[in-house]
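# Geometric and topological summary
Chain residues, written in single-letter form:
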Amino acid sequence: MPAAQENPSGFIPLELTGALSTRPMIVLGLLATLVVVLNWTAVQRMLRKAWLRRHGYLQNYEGKPIPEVKGESRFSRFSHGYELSREGSKLAGDEPYIIWNGTHPEVVLTQAEHVREFYSKRSQEHFKPENANMGHYFGRVMGVCAGVQNGAVWKNIRKVFDPYFSYKSAMGFSEIFATEFKKWMDDLASQAGRKSEFVVEATTVCTVLPFKLIALACYGPAMTDKRVLLTTWFGRKQRSRLFNLLPTASKKDMDTFESDWKQFNFFMMRESEAKGLPCPAREMYHDVLAGTITEANWLQTIDEILFTNLDVTSAILAFLLINLSINQPVQQELRAEILESLGASPTTVADMIDSNKNPLEAYIRKTDTLLEYTCIESGRLCPAVWFTLPEYAGADLDIGGYRVPAGTSCIIDWARLNTESRLWNPEPNRDLNNMEQAGPEVTGRVFYPQRFRGMSPTTYRWSMLRFGLGGRQCIGKNFAARIMKQFLVEVLTRYRVELDGERPVKQWGTINVELREDRFTVMPKQNVRFVRI
Ligand code: HEM
């Protein structure tokens, strides 16, 4: 076990500062005064910085300290993440910098080089800090789910969950997905009645569908429409529970959720067993009984899969609609590609699934299509959160010329990494074959899916975050990628999408629609018009 794990909080005991060995009374007096004048957190930060500097850390080899954004960022990174990102950029330019999370300094990585330096060496010796450095309440909500576990516990959770979310498993859902997408499209059309066009709020219309699809992957056919409604109710509670971590709302729902959630999962297991239906959650529970993972690991990881990632997936789908609404030429080109790939016949997608040739499946599996590039490009420009959850290395690292000690959390400024890399931005003599059609105006801030044509994923490995960069990857990436593609096929074969209403004055980097303020994730608030074609 690396030294950093022995002290995962990274807290440096006072005696290590060397301050107490001489003239203890004076030092104690000074400390007491400091605690009164400042506060205990500020004093701990000062002591920690002093200790780190004394050991040559968080400074470069000329002794220049790493830039620091002062103040507390535990919650503002979610509630005002874009503003914090701008502040960091203004302060440090292309250099890494630190922000504070309670008494933890966290190094913000903004450039492809920083990310490569952090992840390329021994990334299997990386760890997630306890409770993601987010404190006790976060621990209660998410503390033992896959996303914040390490070592053997994390490996065991993944061993239990991964088979149900593999590429093969996601592709095996073709018929179920076809039925669910058809239902969703029919619902949408019936809401519109006879009208040839209608307006919907992008995120709202993109929430229940991915929830149902992921819930089916967790609970199998016992997950009926009625239960989806019940579970989305849980989802609302869950989201407010997460939002309650922000010091803005009441915490009244925190306690009841745990027991309700457990009861719901046990009900689903009993029900599927009684009806003789397959149920992945029930199958996974055998590993709880066998002691491979704990019941809390099981409950919280299903919770993480269904609810925490629901906001991410709904927002990603909504941003697809928005980006294609803003970029009509790309929408037209993509629709032409879809119709050509599906045989240009206006049959329903469900019908096509039944055909022997199965053109939809073949098209979805291809990775050299405008459909694939559009999904990647929309995710590149519209991050799921402004800053990722922290992760630390078990060994000292050099990042951007600064010495970062083992055990120091690093986080990624998702939007800056995905847009500022040299790879995305024009240089006078660049010879990237994929960019031959792009003029100098195609910077990293522009929506241009064609930039990925002919570009190997290894070329952009360190220049963008999508489903994870190091040894850890998103459990749901195969499902998410499939849902995004099938979603676009379904929508674009029937509708043209356009933005509805005024665009806001404020621009959030590459996002120029309104954003919701009551979410941990980056979520648009924008109406989109569907016009029948
Ligand atoms: C387009 C939508 C999605 C994006 C962009 C996304 C992105 C990510 C990222 C960046 C991580 C962090 C990986 C790391 O620790 O470095 C992650 C983790 C995770 N995601 Fe996703 N995700 C998406 C959808 C989903 C879905 C639909 C599910 C559920 C089926 C899911 C389940 C998870 C889980 C359980 C983890 C924790 C994995 C671990 O640490 O072992 N995600 N995701």
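Remember, predicted model here, so these are calculated numbers, not experimental data.

Procedures and definitions
- Residues numbered from 1 in each chain as written.
- Predicted model: local features only at pLDDT ≥ 70, side-chain atom pairs only at ≥ 80, totals over all residues.
- Helix = DSSP H or I, 4+ residues; strand = E, 2+ residues; numbered from the N terminus.
- Buried ≥ 20, exposed ≤ 12 C-beta atoms within 10 Å, placed from the backbone.
- Contact = placed C-beta atoms within 7 Å.
- Near = placed C-beta within 6 Å.
- Pairing = 2+ DSSP bridges.

### With respect to unusual backbone geometry
At Asn131, a position not held by glycine, the phi torsion is positive, near 50°. With respect to the helices and strands, the residue Asn131 is situated in the loop between strand E4 (126–127) and helix H7 (136–142). Overall, Asn131 belongs to the partly exposed group, with 19 C-beta atoms counted inside 10 Å.

### Side note on the environment of Pro390
The residue Pro390 is located in the loop between helix H20 (370–381) and strand E6 (391–393) in this model. A residue is classified by how many C-beta atoms lie within 10 Å of it, and Pro390, with 21 of them, is buried. Note: C-alpha distance between Pro390 and Gly470 (80 residues apart in sequence) is 13 Å. Sequence-distant contacts of Pro390, defined by excluding residues within four places in its chain, comprise Glu106, Pro129, Ala132, Asn133, Ser409, Cys410 and Ile411.

### Details of the site of the ligand
Neighbouring residues of the ligand: 23 residues in total, closest Gly147, Asn309, Gly468, Cys474 and Gly476. Among the elements of the structure, helix H16 (295–326) and helix H22 (477–494) are those that each provide at least two residues to the shell around the ligand. At six residues, the largest contribution of residues to the shell around the ligand is made by H16.

### Concerning the pairing of strand E11 (residues 527–532)
In this structure, strand E5 (residues 197–201) lies alongside E11, joined through five bridges in antiparallel fashion. Looking across to E11, one finds that Glu197 is bridged to Val531. As judged from the five bridges shared by strand E10 (residues 495–499) and E11, these two strands associate in the antiparallel manner. Note that in E11 the partner of Leu499 across the bridge is Val528.

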